[in-house]
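Descriptive analysis of the structure
Here are the chains, one letter per residue:
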Amino acid sequence: MRRVLSGMRPTGKLHLGNYFGALKTWVELQEKAESFFFIADWHAITTSYHDTSGLSENTVEMMADWLASGIDPERSTLFVQSWVKEHAELHLLLSMITPVKWLERNPTYKEMMENLKDRELATYGFLGYPVLQTADIVLYKADTVPVGIDQIPHIELSREITRRFNRFFGDIFPEPRPYLSEAPKLPGLDGRKMSKSYGNCIYLSDSEEEVNKKVMSMVTDPARVRKTDPGHPEVCSVFAYHKIFTPEERVKEIEESCRRGEIGCVQCKRELAKNLNNFLEPIRSKRAELLSKRDELIGIFREGSRRAKKVAEKTMEEVRRAMNFLEG
């Protein structure tokens, strides 16, 4: 692992699923490799092109979420995709060599076309999402890309596009490899996957009162009607959270007490809410401090974007030379 790159679309405030699914891994990786993390604002409009009114504010909110969660601008290069125009140029050049059939077979493309029928997704931008993603990666010659398992087909397509480019123009880019971490599975408040579209999230920015209210609304063991009924922790969303936010010794006690019907769901939820708030409080406080100094916060990403641009410019010089463009 030499150089790591990953990004997130600024589609709203980040939740606990985002933290454990990506941010926690990024914090660990920035200690092991040269790391580039970017806010993918161009990617955000591949599906939300019809309403960009919140794009700017969502970008700032994401900046605060990242830094408050431990992403360190001294250890990582943090930038905004649209501030480094070389992403667009390389995307254009890679699109010239990428067969349309490769893009149409992408399972994510087919799935989202089926699920998001409330908008027109038969656009070039949406179809070409993996090409832009490839440009994002190879522009920095990243060899490692931390992703969720649902992104594996995109990384494999990036590898194919990279091989095709290298075959035509020489070995300019390393083939990126996916990096999958063992992230804990955090269900949403209703037991489904945590998702903004489901409205079942606990956000990093939620207040103590909001967390308390959300935890008390969480789905528990549906077969348990009375406090004295034996519980089944393995099917309870609250217990899934205890395994992450409660000390291990106490988790075992909660599990045994639940199975014997000695602890009620209300008591169990109150204990979880306390532990969850203890976890979130440092993030909340740091986040509020960052947002109170908005210009300084944005300045961190401006500086990171300047650093990223230097790397991107050097790569594009190699690409133009390899493709035999006449220098202007």
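This text gives an overview of the structure that appears in the document. Predicted model only: the values in this text are computed from it and were never measured. All residue numbers refer to position in the chain's written sequence, counted from 1. The model is predicted, so local features are restricted to residues of pLDDT at least 70 and side-chain atom pairs to those at 80 or more, both for listing and for counting; the totals for chains, interfaces and linings are taken over all residues. Note that the side-chain values use all heavy atoms of the structure and ignore hydrogens as well as water.

1. A look at the overall build of the protein chain
Think of it this way: any DSSP run of H or I at least four residues long counts as a helix, any run of E at least two long counts as a strand, and we number them from the N terminus. When its secondary structure is counted, the protein chain shows 14 helices and 5 strands. A compact globule built from 328 residues would reach a C-alpha radius of gyration of about 20 Å, and the protein chain, at 22 Å, matches this within 12%. Projecting the C-alpha coordinates of the protein chain onto the three principal axes gives extents of approximately 80 × 45 × 40 Å. Across the 328 residues of the protein chain, 50% fall into the buried class. The criterion used for residue contact is that any of the two residues' heavy atoms lie within 4.5 Å. In the protein chain, of all internal contacts separated by at least 6 residues, the share reaching a separation of at least 24 is 79%. Charge counting follows a simple rule: Lys and Arg are positive, Asp and Glu are negative, and His as well as the terminal groups are ignored. By convention, the point assigned to a charge is CZ for Arg, NZ for Lys, CD for Glu and CG for Asp. In the protein chain, the 49 positive side-chain charges and the 49 negative ones have mean positions that sit 1 Å from each other. Using C-alpha atoms as the atom set, the radius of gyration is obtained and then compared with a globule rule of 2.2 Å times the number of residues to the power 0.38. Per-residue accessibility, obtained with a 1.4 Å probe over protein chains only, is compared with the maximum for each type, and a residue is labelled buried under 20%, exposed over 50%, and partly exposed between these values.

2. Quick notes on the environment of Arg 259
Relative to the helices and strands, Arg 259 resides in helix H12 (residues 248-259). In sequence terms Arg 259 and Asp 229 are 30 residues apart; their C-alpha atoms lie 8.2 Å from each other. Separated by 2.9 Å, the side chains of Arg 259 and Glu 234 make a polar contact. Definition of a polar contact: a pair of N or O atoms within 3.5 Å, with one able to donate and the other able to accept a hydrogen when the atoms are protein atoms, and with sequence-neighbouring residues admitted only if both atoms are side-chain atoms.

3. Thoughts on the packing of helix H8 (residues 129-138) against helix H9 (residues 152-169)
At their nearest, the axes of H8 and H9 sit 9 Å apart, and the two run at 70° to each other. Comparing the axis directions of H8 and H9 gives the class roughly perpendicular. In this structure, H8 uses Tyr 129, Pro 130, Val 131, Gln 133, Thr 134, Ile 137 and Val 138 to contact H9, whose residues at the interface are His 154, Ile 155, Leu 157, Ser 158, Ile 161 and Thr 162. Looking at side-chain class alone, the contact of H8 with H9 contains 8 nonpolar, 5 polar and no charged residues. Angles run from 0 to 180 degrees between N-to-C directions of axes, and those axes are lines fitted to C-alpha atoms, restricted for helices to the stretch in contact. Oblique is the label for every angle not falling under 35 degrees (roughly parallel), over 145 degrees (roughly antiparallel), or within 65 to 115 degrees (roughly perpendicular). All residues other than Ala, Val, Leu, Ile, Met, Phe, Trp, Tyr, Cys, Pro, Asp, Glu, Lys and Arg, Gly among them, are scored as polar; the first ten of these are nonpolar and the last four charged.

4. Focus on the pattern of salt bridges
When a carboxyl oxygen of Asp or Glu is within 4 Å of a side-chain nitrogen of Lys or Arg, the pair counts as a salt bridge. The full count for this structure, using the stated rule, is 27 salt bridges. Residue Glu 34 pairs with Arg 3 through a salt bridge whose shortest N-O separation is 3.0 Å. Note that Glu 34 is positioned in strand S2 (residues 34-39) and Arg 3 in strand S1 (residues 3-8), a separation of 31 residues in sequence. You can call Glu 34 partly exposed: its relative accessible area is 39%. For Arg 3, a relative accessible area of 12% translates into the label buried. Measuring nitrogen to oxygen at the nearest pair gives 3.6 Å for the salt bridge that ties Glu 156 to Arg 163. Through salt bridges with shared partners, a single ionic network connects Glu 156, Arg 159, Arg 163 and Glu 175.

5. What about the packing of aromatic side chains?
When the centres of two rings from Phe, Tyr and Trp lie within 6.5 Å, Trp using its six-membered ring, the rings pair. Their planes under 30 degrees apart give stacked, over 60 give edge-to-face, and anything left gives tilted. Counted according to the given criterion, the structure contains 15 aromatic pairs. With a centroid separation of 4.4 Å and 0° between ring planes, the pair formed by Trp 26 and Phe 37 is classed as stacked. Taken together, the residues Trp 26 in helix H1 (residues 16-29) and Phe 37 in strand S2 connect sequence positions 11 residues apart. Assigned by exposure class, Trp 26 and Phe 37 land together as buried. Site record: aromatic cluster; members linked through ring pairs are Tyr 19, Phe 20, Tyr 241, Phe 245 and Phe 279. The lysine or arginine in question, Arg 164, covers the ring of Trp 102, its NZ or CZ lying 5.6 Å from the ring centre. In this scheme, Lys NZ or Arg CZ marks a charge over a ring once it lies within 6 Å of the ring centre and within 35 degrees of the ring normal. Above the plane of the ring of Phe 168 lies Arg 167, whose end atom (NZ or CZ) is 5.6 Å from the centre.

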